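The residues making up each chain are set out below.
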Amino acid sequence: MSGTRALGPSLAVTGALLVVATHVLVAQTTAPDITGSWLRQGFTVGVRPTGQQGPTPPPPAPPPPLKQPYLKEWQDRIQKIREADAKGQPIATNAVACLPEGMPGMMTATFPMEILQSRGQITVIEEAYTQVRRVLMDRPQQKLEDIEPGFYGHSVGRWEGDTLVVDTIGVKENVRYQNVPHSTEMRITERMQLKAPDVLWNEITISDPTVLEKPWTFTFAYQKMKDYTLLEYICEDNREFADDQGRQKIRVDPAR
Amino acid sequence: MARRTGLWSIVLAVLVVAPALAHHSFAVYDHTRTLTLRGTVTKFQWTNPHGFIEMDVPQSDGSMKHYSVELTSINMMQRVGWRSNMIKAGDKIQVVVAPLLSGEPVGLGMEVVLADGKTMALPVPAIGSFKRTDAQQ
């Protein structure tokens with residue numbers, strides 16, 4: 001009898017452990033495998049994409065629903081960029097200084113992008129500028145005041161069924177996707193889902209009550225690049241620079 | 001006014017969907033003409049954000065002019081078959097370039113005929129926006 005009594009609790013503990021283990025196993029096995037190299041669909045310059053083509057691509061991004069005066073300022077900026085390009089005197093961007101695109105620009109994946117799934121973390125590496133962002137899984141987002149602003153911000157994620165949901169805050173104000181301004185309160189929500197074995201969609205929603213009338217949502221579709229290993233990318237000799245007028249110039253050195 | 005707004009929408013939509021394919025704008029280069037440079041390589045620079053070919057190009061008056069040929073990212077080049085050992089100093093090559101609008105001796109490389117006669121294209125974004133005239137230089 002006493003043996004049975006002793007067995008009872010240990011069975012209960014074993015059972016509970018089994019339930020937990022099964023839960024963890026199920027959670028792990030149901031999380032889709034998105035590890036690998038990916039490239040924005042439709043980008044054929046300097047690439048040889050492989051793998052199956054997916055469903056109809058998502059619609060192009062709508063213009064950002066900016067409030068005034070941010071909308072006017074953004075339109076004026078775009079107009080200036082166009083006019084400067086037409087004159088052959090383009091305005092220097094962050095990229096001219098070899099600065100990374102940051103978030104969400106790096107997720108455009110115009111160069112191949114690698115996703116790595118590991119315990120407690122999903123890592124995204126963008127080949128251009130060797131950009132790296134870390135998505136910390138299954139933990140609460142930090143308070144904005146506890147995050148130092150950066151190019152990639154602070155990202156936490158979780159699987160909701162077959163969808164990876166990532167929350168990012170803390171992106172520097174000078175990191176501007178498509179020249180769109182944002183405040184320190186910008187929040188980026190990504191929902192990544194496999195639409196076919198070789199096609200991953202990332203629905204990106206940017207919310208920022210200071211500058212946006214309503215959240216700005218657009219979707220990037222990525223094609224798997226089977227057997228592709230990311231190449232290194234170091235800005236070893238950047239001859240482009242911004243002159244004192246903020247125009248992009250190239251260093252000319254006839255002694256070479 | 002309605003028409004202006006409509007045009008703006010198109011312009012903005014195009015700008016929003018057109019991503020930054022390159023590290024910088026190629027607007028500094030002449031999109032209306034190309035030059036064909038024939039000369040001797042002094043250096044093949046396999047670097048990012050862009051590769052470069054440095055070359056001396058003999059001029060019709062007997063003088064020598066040095067050109068820097070800007071290439072795309074070496075990552076893009078590598079993905080379409082370029083390798084760092086394809087060009088070396090001393091090679092006699094031919095390069096089609098879009099020249100800098102400023103007139104400085106720099107061009108954006110479009111196509112290279114290597115020393116062994118093989119033609120290699122460069123993966124320049126929106127290459128169709130450059131008009132090929134291939135004037136001899």
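Nothing here was measured: the structure is a model prediction, and the numbers come from that model.

### Description of the overall build of chain B
Secondary structure assignment for chain B yields two helices and seven strands. When the helices and strands of chain B are read in sequence order from the N terminus, they spell out α-β-β-β-α-β-β-β-β. Per-residue burial over chain B gives 47% buried out of 137 residues. By sequence separation, contacts in chain B at least 24 residues apart represent 58% of the contacts at least 6 residues apart. Surface exposure of chain B reaches about 6,100 Å², of which carbon and sulfur atoms provide 57%.

### A look at the sheet that holds strand β8 (residues 199-207) of chain A
Residue and element names in this part refer to chain A. Strand order in the closed barrel made by the nine strands is β1-β2-β3-β4-β5-β6-β7-β8-β9, with mixed pairing throughout. On average, each strand axis in the sheet is tilted by 30° relative to the strand beside it, whichever way the strands run. Pairing between strand β1 (residues 36-40) and strand β2 (residues 113-118): three bridges, direction antiparallel. The residue bridging Gly36 from the neighbouring strand is Ile115, located in β2.

### Re the confidence of the model for chain B
Residues and elements named next belong to chain B. Per-residue confidence for chain B gives a mean pLDDT of 87, with 83% of residues at or over 70. Of the regions scoring below 50 in pLDDT, residues 1-21 engages in 28 contacts with residues more than four places distant in sequence or in other chains. Interface confidence for the predicted complex, expressed as ipTM, amounts to 0.84; the pTM equals 0.85.

### Quick notes on the nonpolar core
If you look at the biggest cluster of nonpolar residues, it comprises 36 residues, and the most contacted ones within it are Met107(A), Met113(A), Ile115(A), Ile206(A), Phe218(A) and Tyr222(A). Elements with a contribution of two residues or more to this core: α2 (70-86), β2, β3 (121-126), β4 (131-137), β6 (163-169), β7 (187-196), β8 and β9 (216-224) of chain A. It is β9(A) that provides the largest number of residues to this core, a total of four residues. Each residue touching Phe218(A), except ones within four places of it in the same chain, is listed here: Ala61(A), Pro62(A), Tyr177(A), Asn202(A), Glu203(A), Ile204(A) and Ile206(A). Counting 34 residues, the second largest nonpolar core, distinct from the first, contains Ile250(A), Met55(B), Tyr67(B) and Met120(B).

### Points about the pairing of strand β2 (residues 52-58) of chain B
Consecutive residues of a regular strand have side chains that alternate between opposite faces of the sheet. All names here are of chain B. Where burial is concerned, most of β2 is hidden: five out of the seven residues are buried. Sheet analysis places strand β1 (residues 35-45) next to β2, joined by five bridges and oriented antiparallel. Its bridge partner lying in β2, Val41 is registered against Met55. Remark: six residues form the turn of the hairpin made by β1 and β2, two consecutive strands paired antiparallel. As judged from the seven bridges shared by β2 and strand β3 (residues 64-70), these two strands associate in the antiparallel manner. In the sheet register, Glu54 faces β3, and the bridge partner there is Ser68. A loop of five residues connects β2 with β3, the two strands running antiparallel in sequence, and Gly62 in this loop sits at a positive phi of about 95°.

### Some details on the interface of chain A and chain B
Taken together, the contact pairs 45 residues of chain A with 43 residues of chain B. For the pair chain A and chain B, the two sides together bury roughly 3,700 Å², of which 62% comes from carbon and sulfur. Between chain A and chain B we count two salt bridges in total. Of the charged contacts, one joins Arg79(B) and Glu127(A) as a salt bridge, the two residues approaching to 2.3 Å between their closest N and O atoms. Of all the secondary structure elements, the ones that give two or more residues to the side of chain A that touches chain B are α2 and β11 (248-250) of chain A. The greatest single-element share of the side of chain A that touches chain B, amounting to six residues, is contributed by α2(A). Classifying every residue of the side of chain A that touches chain B by side-chain character gives 27 nonpolar, eight polar and ten charged.

Cut-offs used in this document
Residues numbered from 1 in each chain as written. Chains lettered and ligands numbered in written order. Predicted model: local features only at pLDDT ≥ 70, side-chain atom pairs only at ≥ 80, totals over all residues. Heavy atoms only, no water. Helix = DSSP H or I, 4+ residues; strand = E, 2+ residues; numbered from the N terminus. Buried < 20%, exposed > 50% of the residue type's maximum accessible area, 1.4 Å probe, protein only. Contact = heavy atoms within 4.5 Å. Areas by Shrake-Rupley, 256 points an atom, 1.4 Å probe, with all protein chains shown as cover. Pairing = 2+ DSSP bridges. Axes fitted to C-alpha atoms, helices over the stretch in contact; angles between N-to-C directions. pLDDT = per-residue confidence, 0-100. Core = buried A, V, L, I, M, F, W, Y, C linked by side-chain atoms within 4.5 Å. Buried area = accessible area lost by both parts, 1.4 Å probe. Salt bridge = Lys/Arg side-chain N within 4 Å of Asp/Glu carboxyl O. Nonpolar A, V, L, I, M, F, W, Y, C, P; charged D, E, K, R; others polar.

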